[in-house]
Each structure stands twice: as C-alpha cells, then as structure tokens.
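# Fold and contact review
Okay, here's what each chain looks like letter by letter:
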Amino acid sequence: HLIESLSGYLQEWIEAGRIDLAILFDAQAAPGVHLEPILVEDMWLVGGPGALAPDGQEGPLAELARFPFVLTSSAQSHRRLVEGMALSQGLRLQLLAEVDSLAVQLALVREGTAFTILAHSAFHADLAQGRVSAARIVSPTISRHVAMASAAGRSDSRACHAAGALMLQVARELVERQVWRGRAEGAVG
C-alpha cells in the first residue's frame, strides 16, 4: 500500500506505527524511527511563466519579501524551514494562502496568482514545459535534508527491505538524472 502525503503527516504516521517506510524532509529524530540520509536539496523560488529568470539562475534570499506566496501550513517542516530562514535575515514573507497540496500550489503559481518556494524535484516537469519559471535561492541558500525513515520493529520484513531498497534505487536514479537536485549523502552518496 503506497501513500503520498506531506512530510509532516508521514512523520506522524510512521511514529504512530501506521506506516513502515517513508521519505521525509527535515525529519525529527524520534524513538523507534531509524533515519537513513539520502541527500540535501536547495530550495527555489517558483513563479508563473516568465515571472523569473530561466532555470539555473539564482536570486538572493533578501528579495523574497517582495513576492506574494502560497506555502504549506505552519504544521509542515517545509514552511517552518522557509519562514525560519526568512526571519533569520529579518524578512517577513507576504503569505496569500496556506495550501497543503503541491498540485494546488503549482496551479496557483502557473496561473500567476502567487509564488512559492519548492525543491527542484517538485516543479521540474512544469519548468521543462515552460509552465513555471524558477530561481535557486542564495545568499544564504535554504536547504533541507531528505531521509528514508523506517519504523523499528515493523520494517524488518522482506517486503519492507525490498520496498526500502527500491526507494533508494529510485532516489539514486533521480539524483543521477538531476531530476532530484542536491548533494547526495548517506544511502545514495
């Protein structure tokens, strides 16, 4: 059984024993949960077509205050990471809406309603098709750690080992193809 959800929810479910394996972003150490590092990925400012420079460009963190944003709710680690970095630089972000759906965030960005901040892997297909524009955030960068989490005692089956190995293999392939951009560490390094 496969589930797609935001990292905050997946972390809760793995800690509660509702799921056995998960790919988590900026996971918090928890009793009974083993974390295997995969990579560190940088965040990008994402806007509608032509709103930002072509792929590969960079923009300073200080410029984020001028954009209207749609971001995940504050319960999600991604939002806490982004706002924490902004606050550390004395910036206050203009939040138009909290949306805990990547598909809805990208739809709002594509139509030009708002901007968002995402890892490259979340928008690479839209970027390749010209439906969004993006700039990597620098000075300083905003980065998050990606890890595979497994529930101690529940993930010892052959099926879980096979699923975990497949997840790491797919992660390696995505990193090699630069769909998942970041600095490999741990299991894919």
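This text gives an overview of the structure that appears in the document. (Residues numbered from 1 in each chain as written. Predicted model: local features only at pLDDT ≥ 70, side-chain atom pairs only at ≥ 80, totals over all residues. Heavy atoms only, no water.)

## Things to note about the nonpolar core
If you look at the biggest cluster of nonpolar residues, it comprises 19 residues, and the most contacted ones within it are Leu45, Leu64, Phe69, Leu93, Ile117, Ile137 and Ile142. Counting only elements with at least two residues in this core, the list comes to strand E2 (33-47), strand E4 (68-71), helix H2 (77-88) and strand E6 (116-119). A total of four residues in this core trace back to one element, the largest contributor, which is H2. When residues no more than four places from it in sequence are discounted, the contact partners of leucine 64 are Leu45, Phe69, Leu93, Ile117, Ile137 and Ile142. Within the second largest apolar cluster, 12 residues are counted, among which are Val109, Leu118, Leu127 and Ala134. (Core = buried A, V, L, I, M, F, W, Y, C linked by side-chain atoms within 4.5 Å. Buried < 20%, exposed > 50% of the residue type's maximum accessible area, 1.4 Å probe, protein only. Helix = DSSP H or I, 4+ residues; strand = E, 2+ residues; numbered from the N terminus. Contact = heavy atoms within 4.5 Å.)

## Structural notes on the layout of surface pockets
Looking at the largest pocket, its volume works out to about 1,400 Å³. As for the largest pocket, its lining consists of 38 residues, and the residues nearest its centre are Ile3, Glu4, Ser5, Leu10 and Ile23. Residue assignment for the lining of the largest pocket shows that the elements contributing at least two residues are helix H1 (7-16), strand E1 (21-25), H2, helix H3 (102-110), E6, helix H4 (120-128) and helix H5 (158-176). When residues of the lining of the largest pocket are assigned to their parent elements, the largest contribution, seven residues, is made by H5. Residues that form the lining of the largest pocket fall into these classes: 22 nonpolar, 11 polar and five charged. (1 Å grid on protein atoms, 1.4 Å probe; cavity = no way out; pocket = protein on both sides within 12 Å on 5 of 7 lines; lining within 4 Å. Points joined across faces, edges and corners; volume = space filled by probe spheres on them. Nonpolar A, V, L, I, M, F, W, Y, C, P; charged D, E, K, R; others polar.)

## Quick word on the packing of H3 against H4
Each pair of packed helices gets described by two things: the angle between the helix axes and the distance between those axes. Contact geometry for H3 and H4: axes closest at 12 Å, N-to-C directions at 45°. One way to sum up the angle between H3 and H4 is to call them oblique. As for how H3 packs across H4, the hand of that crossing is right-handed. Every residue of H4 that contacts H3 at Leu102, Leu106 and Arg110 is listed here: Ala122, Phe123 and Asp126. (Axes fitted to C-alpha atoms, helices over the stretch in contact; angles between N-to-C directions. Parallel < 35°, antiparallel > 145°, perpendicular 65-115°, else oblique. Left-handed = near helix turned anticlockwise from the far one by under 90°.)

## Some thoughts on the pattern of salt bridges
Two side chains of opposite charge can pair, provided their charged atoms sit close to one another. In the structure shown here, the tally under the stated rule is nine salt bridges. The salt bridge partner of aspartate 42 is arginine 136, with a shortest N-O separation of 2.8 Å. Of this pair, aspartate 42 sits in strand E2 while arginine 136 sits in strand E7 (residues 133-138), and the two are 94 residues apart along the sequence. Across the pair, exposure class does not vary: aspartate 42 and arginine 136 are buried alike. Among the ionic pairs, arginine 66 bridges to glutamate 63, the shortest N-O distance being 3.5 Å. A cluster of three or more residues bridged by salt bridges with shared partners is formed by Asp42, Glu58, Arg136 and Arg183. (Salt bridge = Lys/Arg side-chain N within 4 Å of Asp/Glu carboxyl O.)

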